[in-house]
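An overview of the molecular structure
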Amino acid sequence: MRKKLIVAVAAMAIAAGAGVALLTRQPPAPEVRFVTLTGQNFATSDLRGKVVLVNFWATSCVACVEEMPKMIEAWRKFSPRGYEMVAVAMSYDHPNLVADFTQKRALPFKVAMDTDGAVARGFGDVNVTPTTFLLDRRGRIVKHYVGEPDWNEFHALVERVLAEPA
């Protein structure tokens, strides 16, 4: 009887551990294709090996415009260490407005147009801006933000993810 109880407790502990591992496992980023304002064409998988921020935004989104200087600051701080950013303009944003905004604000990171909404659909039907995903070097979603992040927490998280092995 005692042996059966020990085996049952051990089995429950293993099952609980496996359940926790599954719940805390980071989901992979979707495989989508980006096309930048400069005509660069790449996929999510092409960014593996870098810590990547994918930010959905619009020129008409007040919060998006307000957070852009902080996005630039983060890119400048972390890009020498393997940080990449793709600012994805929503499908309803006119390419001329996006190009004008990008030029006037001197955005240093990749700016992509999601003309048909496929990128937003791939990331779970994003329709609220700003919506941001932080991906680790293996292409897994580490954090999903709706609205502007807490920048101190964000910088600490990027530091931690940059320190992880690829």
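Up top is the structure these notes are about.
The paragraphs below set out a description of the structure included in this document. (Residues numbered from 1 in each chain as written. Predicted model: local features only at pLDDT ≥ 70, side-chain atom pairs only at ≥ 80, totals over all residues. Heavy atoms only, no water.)

**Some details on the environment of Arg-48**
When you line up the elements, Arg-48 lands in the loop between strand E2 (41-43) and strand E3 (51-57). Look at Arg-48 and you get partly exposed, because its relative accessible area is 45%. In the structure, Arg-48 is positioned 118 residues away from Ala-166 in sequence and 8.5 Å away in space, judged by C-alpha atoms. Here Arg-48 is in contact with Arg-137, Arg-138 and Gly-139, once residues within four sequence places are set aside. Here Arg-138 takes part through its backbone oxygen, which lies 3.0 Å from a polar atom of the side chain of Arg-48. (Helix = DSSP H or I, 4+ residues; strand = E, 2+ residues; numbered from the N terminus. Buried < 20%, exposed > 50% of the residue type's maximum accessible area, 1.4 Å probe, protein only. Contact = heavy atoms within 4.5 Å. Polar contact = N/O pair within 3.5 Å; in protein donor to acceptor, adjacent residues only side chain to side chain.)

**Remarks on unusual backbone geometry**
Omega for the peptide link from Thr-129 to Pro-130 comes to -5°, which places this bond in the cis form. Position of Pro-130 relative to the elements: it lies in the loop between helix H4 (118-122) and strand E6 (131-135). Non-glycine residue Ala-106 carries a positive phi angle of around 50°. With respect to the helices and strands, the residue Ala-106 is situated in the loop between helix H3 (95-104) and strand E5 (110-113).

**Quick word on the packing of aromatic side chains**
Counting across every chain of the model gives eight aromatic pairs. Plain terms: the ring middles of Phe-78 and Tyr-83 are 5.7 Å apart, the flat faces sit at 55° to each other, and that makes the pair tilted. Given the relative accessible area of 0%, Phe-78 is considered buried. With relative accessibility at 2%, the residue Tyr-83 sits in the buried group. One aromatic cluster in this structure is built from Phe-56, Phe-123 and Phe-133. Sitting above the plane of the Phe-42 ring, Lys-110 keeps its charged end 5.7 Å from the centroid. (Phe/Tyr/Trp six-rings, centres within 6.5 Å; stacked < 30°, edge-to-face > 60°. Lys NZ or Arg CZ within 6 Å of the ring centre and 35° of its normal.)

**A few points about helix H5 (residues 151-163)**
Over its 13 residues, H5 runs 18 Å from end to end, which matches the ideal 18 Å to within 8%, given 1.5 Å per residue. All buried positions along H5 are accounted for by Trp-151, Phe-154, His-155, Leu-157, Val-158, Val-161 and Leu-162. Looking straight down H5, one finds that the buried residues subtend no more than 160° of arc, so they occupy a single side. Exposed and oriented more than 90 degrees from the buried face of H5 are Asn-152 and Ala-163. Those residues of H5 that are buried lie in contact with E3, helix H2 (62-78), strand E4 (83-89), E6 and strand E7 (141-146). Two to three positions downstream of the cap, the backbone nitrogen of Asn-152 sits 3.1 Å from a side-chain oxygen, assigning the N-cap of H5 to Asp-150. (Expected span 1.5 Å × (residues − 1). Arc of directions from axis to C-beta.)

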